[in-house]
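Chain and residue survey
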Amino acid sequence: MRGVDLYDHPPYARNLADGGSNQTVCRYMASLKKFFFIKARDFVHAGEASIHIQNLLKSMHLDPALIRRIAICSYEGEMNAVIHGGDGILNVNIESNRLTLEIIDEGPGIQDIQLAMQPGYSTAPEEAREMGFGAGMGLPNMKKNADDILIESEPGKRTRACMTFFLGLTKEVQ
Amino acid sequence: MRVNEFVEFFNLKVIAGEQGLDREIRGGYCGDLLSDVMANAPVGCIWLTIQGHLNIVAVAVLREMAAIVITGGREPDEETVQKADQEHLPLLKWPHSAFDLAGRLYVLGVGAAPTP
Ligand SMILES: Nc1ncnc2c1ncn2[C@@H]1O[C@H](COP(=O)(O)OP(=O)(O)O)[C@@H](O)[C@H]1O
Ligand SMILES: [Mg+2]
C-alpha cells in the first residue's frame, strides 16, 4: 500500500492488512490475493481455508447472499481436494469487480469430467460416505453457485477447478 | 427462540460451545449429507444430524448456524467437541430421533425457514 492513494480503491482496500499464519497477502493496485495449502485426507483442518475466506469477505462487507455462494463453492472445492485429490492449493483473487477461486491439487485427476459433474455421481470411498460426504452434489452445487466455472484435469496428474463470481451482480440460485 | 431457551425447554445436554448459547435460532434443518446441508440449510438454523465427526463444525460455521444437535443418542468425537468450543458453537445432544425433535420444534414455532 505504500505510496498508493486509498481514494483510488474500492472500500475493501482498507481491510487488507489481516494476514494470517499460512496465508500470504500480496497487494497491488486494487486486487487482493491469498492462498491456502490443502492437505489430502486431512479431515482435521478441512474447511478452514473456506472459513478464513468467508471471514475475509465479511470484513469487506460483500453482499451476504454472494458470500454464501462463494462459501459453498470454496467448501466443496476444498473438500474435493481433501477427499479425492492430492495435496493442493486454494487461491483466492479479489479484484474490484470479480472474485476468483482456484483449487489445484496434485492428482489423481478426473477421468471423465462430464460424468463427474452429473448430480449423484461419486467415487467417494466408504469411509467418506459414512461421514456424510460422497453425495455427488459437490461439483453440481459449485456449478450452480458460481457465475462461471471451469474444471480441468490431467488424469493421473492434477485437477484444477476455477470459479468466478461477479461482484455487485446477484445470481438467482434455485 | 434462543439456543439456551431451547436447551432448557427440552432438557438437552450441552456438550460444547457454551459461549454461543445466547444465539437466536432462525429455522431448522435435518440432514446427514454434508453437501446437502451446506447448500440448503437456512442461515441461523438449528441443525439436527447423526454425524458426530469434526467436519460438521466447519459446515455449521460456514452456514452461520445457531447450534448443532446430535440426535439418536450418538456421541460426537472428542475433536468435534474441541472445535465447537473454539468456534463458540453450541453442540447439543438429543437421545431420540431427529424426526421426534423436529416435531417438537414445530410446536414451539421454530419451523423450516426459507433459505435466504
Ligand atoms: N479434485 C478431485 N480429484 C479427483 N477426482 C475428483 C476431484 N473432484 C471431484 N472428483 C471426482 O468427481 C466426483 C464427483 O464430485 P462431487 O460432485 O464433488 O461429489 P462427491 O465429492 O460427493 O463425490 C468425485 O466422486 C470424484 O470421482
Ligand atoms: Mg465433492
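Shown above is the structure to which this text applies.
To keep things clear, this report deals only with the structure shown in the data block.

Cut-off values and rules
The residue count restarts for each chain, going from 1 along the sequence in the order it is written. Chains and ligands are labelled by the order in which they are written, letters from A for the one and numbers from 1 for the other. Since the coordinates come from a predicted model, pLDDT governs what is reported: local features require at least 70, and pairs of side-chain atoms require 80 or more to be given and counted, while whole-chain, interface and lining totals use all residues. Hydrogen atoms and water are omitted, and side-chain values are computed over all heavy atoms in the structure. Strands qualify as paired when DSSP identifies two bridges or more between them. Strands are runs of DSSP state E lasting at least 2 residues, helices are runs of H or I lasting at least 4, and numbering of each runs from the N terminus. Convention adopted: a line fitted to C-alpha atoms gives each axis, helices being fitted over their contacting stretch, and angles between N-to-C directions are expressed from 0 to 180 degrees. Any two residues whose heavy atoms approach within 4.5 Å are treated as being in contact. The labels follow the angle: roughly parallel below 35 degrees, roughly antiparallel above 145, roughly perpendicular from 65 to 115, and oblique for the rest. Should the near helix be turned counterclockwise from the far one by less than a right angle, the crossing is left-handed, whereas a clockwise turn marks it as right-handed. Residues were grouped as follows: Ala, Val, Leu, Ile, Met, Phe, Trp, Tyr, Cys and Pro as nonpolar; Asp, Glu, Lys and Arg as charged; and all remaining residues, including Gly, as polar.

**A short note on the sheet that holds strand β5 (residues 91-93) of chain B**
Adjacent strands of a sheet pair through backbone hydrogen bonds, lying either parallel or antiparallel. Residue and element names in this part refer to chain B. Spatially, β1-β5-β4-β3-β2 is the arrangement adopted by the 5 strands of the open sheet, whose pairing is mixed. Both edges of this open sheet fall to β1 (13-16) and β2 (28-30), since each of them pairs with a single strand only. Each neighbouring strand pair of the sheet contributes to a mean axis angle of 25°, computed without reference to strand direction. The pairing of strand β3 (residues 46-49) with strand β4 (residues 67-70) spans 4 bridges and is classified as parallel. The residue bridging W47 from the neighbouring strand is I68, located in β4. Relative to β1, helix α4 (residues 78-86) is tilted by about 85°, and along the sheet it contacts β1 and β5. Taken strand by strand, helix α5 (residues 98-107) contacts β2, β3 and β4, and its axis lies near 155° from that of β3.

**What to know about the packing of helix α1 (residues 48-59) of chain A against helix α2 (residues 64-83) of chain A**
Residue and element names in this part refer to chain A. One can describe the packing of α1 onto α2 by two numbers: an axis separation of 9 Å at closest approach and a directional angle of 160°. Between α1 and α2, the angle falls in the class roughly antiparallel. Between α1 and α2 the crossing geometry is right-handed. Each of E48, A49, S50, Q54, L57 and K58 in α1 lies in contact with α2, whose residues at this interface are I67, I70, A71, S74, Y75 and E78. By residue class, the composition of the contact of α1 with α2 is 6 nonpolar, 3 polar and 3 charged.

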